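Overview (structure and organization)
One-letter residues, chain by chain:
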Amino acid sequence: MDFCRSIHLSAVALFLTVEPSLAGPCAKEIAEAQAAFDTKLAAAASSGPSAPESSVATLHHQPTPGTVAHAEAQLGDISRENADIVTRALERAQDADLIGDVQGCQEQLADAKEALRK
């Protein structure tokens with residue numbers, strides 16, 4: 001009897017841990033927009049001027065898309081305004097996705113994609 005009870009408790013525990021890890025309704029579109037932004041940043045970084053490594057870069061932390069965008073904007077490779085718009089729109093899209101707000105997520109993704117076209 002204890003074995004059956006532990007199996008049932010394990011099944012409930014598994015169910016409770018798997019459900020929150022499911023992707024939101026906009027997760028795929030957010031990932032695609034982030035990939036497009038990353039590609040644009042990489043293209044700007046490879047074709048534009050370079051800058052000396054910052055002291056933060058020596059701390060062995062992975063750069064975030066926002067910090068890369070900020071650095072590229074400082075060098076003039078991309079528009080700071082567009083980089084900020086994309087970064088903030090993607091953050092708001094992720095927030096909307098977490099709460100299941102599909103319309104809000106889609107609106108933020110549209111803003112991000114519009115800024116990426118510029």
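Nothing here was measured: the structure is a model prediction, and the numbers come from that model.

With respect to helix α5 (residues 102-117)
- Taking 1.5 Å per residue as the helical rise, α5 with its 16 residues ought to reach 22 Å, and the 22 Å between its terminal C-alpha atoms agrees with that figure.
- Along α5, the positions that sit buried rather than exposed are G104, C105, Q108, L109, A112, A115 and L116. End-on view of α5: buried residues confined to an arc of 130 degrees, all on one side of the axis. Residues of α5 that are exposed and point more than 90 degrees away from the buried face comprise Q103 and R117.
- Looking at the buried side of α5, the elements it contacts are α2 (27-47) and α4 (80-98).

A closer look at the pattern of salt bridges
- Tallied over the full model, the rule gives one salt bridge.
- With a closest N to O distance of 2.9 Å, E114 and R117 form a salt bridge. In this pair, E114 and R117 are both assigned in helix α5, three residues apart and thus about one turn of the helix distant.

Some words on the environment of T87
- Counting through the fold element by element, T87 comes out in helix α4.
- Spatially, the C-alpha atoms of T87 and A112 are 7.7 Å apart, while their sequence positions differ by 25 residues.
- Within the local environment of T87, its side chain forms a polar contact with the backbone oxygen of A83, the two atoms lying 2.8 Å apart.

As for the packing of α4 against α5
- Running from amino to carboxyl end, α4 crosses α5 at an angle of 160 degrees, the nearest separation of the two axes being 8 Å. Overall, the two elements α4 and α5 adopt an arrangement that is roughly antiparallel. Judged by the twist between their axes, the crossing of α4 over α5 is left-handed. Here N82, I85, V86, A89, L90, R92, A93, A96 and D97 of α4 lie close against α5, whose contacting residues are G104, C105, Q108, L109, D111, A112, A115 and L116.
- Its residues placed into classes, the contact of α4 with α5 shows 11 nonpolar, three polar and three charged.

Some points on the packing of α2 against α4
- Between α2 and α4, whose axes approach to 10 Å, the crossing angle comes to 165 degrees. Regarding the angle of α2 to α4, the classification is roughly antiparallel. Pair α2 / α4 crosses with left-handed handedness. Residue-level inspection shows A27, I30, A33, Q34 and F37 of α2 in contact with α4, the latter providing A83, V86, T87, L90, A93, Q94 and D97.
- Among the residues forming the contact of α2 with α4, the class breakdown is eight nonpolar, three polar and one charged.

Conventions and cut-offs
- Residues numbered from 1 in each chain as written.
- Predicted model: local features only at pLDDT ≥ 70, side-chain atom pairs only at ≥ 80, totals over all residues.
- Heavy atoms only, no water.
- Helix = DSSP H or I, 4+ residues; strand = E, 2+ residues; numbered from the N terminus.
- Expected span 1.5 Å × (residues − 1).
- Buried < 20%, exposed > 50% of the residue type's maximum accessible area, 1.4 Å probe, protein only.
- Arc of directions from axis to C-beta.
- Contact = heavy atoms within 4.5 Å.
- Salt bridge = Lys/Arg side-chain N within 4 Å of Asp/Glu carboxyl O.
- Polar contact = N/O pair within 3.5 Å; in protein donor to acceptor, adjacent residues only side chain to side chain.
- Axes fitted to C-alpha atoms, helices over the stretch in contact; angles between N-to-C directions.
- Parallel < 35°, antiparallel > 145°, perpendicular 65-115°, else oblique.
- Left-handed = near helix turned anticlockwise from the far one by under 90°.
- Nonpolar A, V, L, I, M, F, W, Y, C, P; charged D, E, K, R; others polar.

It is worth stressing that arrangement in space is one thing and function is another; only the former is reported here.
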